[in-house]
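# A look at the structure
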Amino acid sequence: FFKRNSYAKKQLAKKQKEVEEKEFTVYSGGAITITIMGDKTIKNIEIDSDLIDVSNKDMLQEMLTIAVNEAISKVEKEMANAINGATGGINIPGMF
């Protein structure tokens, strides 16, 4: 049991590291592109020049919020898939 638990922990750590080093890109509404790392660090935000206007401030803020949340969600889903893959979908207490 302990050997399997140790192996599962190593596999889990390996999968988590792989996801943390991975880059994810989200395209929101065709006007905002966010690149986020697996550790949830925002690497880049690109904004279509048509949105950069004082009169579009509220819309830009809303679109940025949606895009950042989408990017974070994408990373969290990938991490959950990696954890499930490493543990075979078994929830082992104390492993995460």
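Residues numbered from 1 in each chain as written. Predicted model: local features only at pLDDT ≥ 70, side-chain atom pairs only at ≥ 80, totals over all residues. Heavy atoms only, no water.

### Comments concerning the nonpolar core
This is how it is decided: By convention a nonpolar core is built from buried Ala, Val, Leu, Ile, Met, Phe, Trp, Tyr and Cys residues, the set being connected through side-chain atoms within 4.5 Å. For every residue, the accessible area obtained with a 1.4 Å probe (protein chains only) is divided by the maximum for its type, and the residue is called buried under 20%, exposed over 50%, and partly exposed between those limits. Only runs of H or I of at least four residues qualify as helices and only runs of E of at least two qualify as strands under DSSP, and these elements are numbered from the N terminus. We call two residues contacting when some pair of their heavy atoms lies within 4.5 Å.
Core analysis: the largest hydrophobic core is formed by 18 residues, its most contacted members being Ile32 and Leu51. Looking at this core, the elements that each hand over two or more residues are helix H1 (2–21), strand S1 (23–28), strand S2 (32–37) and helix H2 (57–87). Every residue in contact with Ile32, bar those within four places of it in the chain, is listed here: Val26, Tyr27, Ile45, Glu46, Leu51, Leu60, Met63, Leu64 and Ala67.

### Looking at the sheet that holds strand S3 (residues 42–47)
How we decide: Two strands form a pair only when DSSP identifies at least two bridges running between them. Between N-to-C directions, angles span 0 to 180 degrees; the directions come from axes that are lines fitted to C-alpha atoms, helices contributing only their stretch in contact.
A sheet is described by the order of its strands in space; here three strands give the open sequence S1-S2-S3, paired in antiparallel fashion. Each having just a single partner strand, S1 and S3 make up the two edges of the open sheet. Strand-to-strand twist across the sheet, computed as the mean angle between neighbouring axes with direction ignored, equals 10°. One ladder, built from six bridges, connects S1 with S2; its direction is antiparallel. Looking at the pairing, Tyr27 lines up with Thr33 of S2.

### With respect to the side chain of Thr33
Summarising the element assignment, Thr33 is placed in strand S2. When residues no more than four places from it in sequence are discounted, the contact partners of Thr33 are Thr25, Val26, Tyr27, Asn44, Ile45 and Glu46.

### A word on the pattern of salt bridges
The line we're drawing: Counted as salt bridges are all cases of a side-chain nitrogen of Lys or Arg within 4 Å of a carboxyl oxygen of Asp or Glu.
Summed over all chains, the structure comprises four salt bridges. The shortest N-O distance in the salt bridge between Lys22 and Glu78 comes to 3.2 Å. Here Lys22, found in the loop between H1 and S1, pairs with Glu78, found in helix H2; they are 56 residues apart in sequence, far enough to count as distant. Residue classification places Lys22 among the partly exposed positions, given a relative accessible area of 37%. Overall, the relative accessible area of 26% leaves Glu78 in the partly exposed class. Across the pair Glu76 and Lys40 runs a salt bridge, and its minimum N-O distance is 3.0 Å. Of this pair, Glu76 sits in helix H2 while Lys40 is found in the loop between S2 and S3, placing the two residues 36 residues apart along the sequence.

### Examining unusual backbone geometry
Its identity is not glycine, yet Lys40 carries a phi of approximately 70°, on the positive side. What makes Lys40 partly exposed here is its relative accessible area of 41%.

All we've got here are geometric facts, nothing functional implied.
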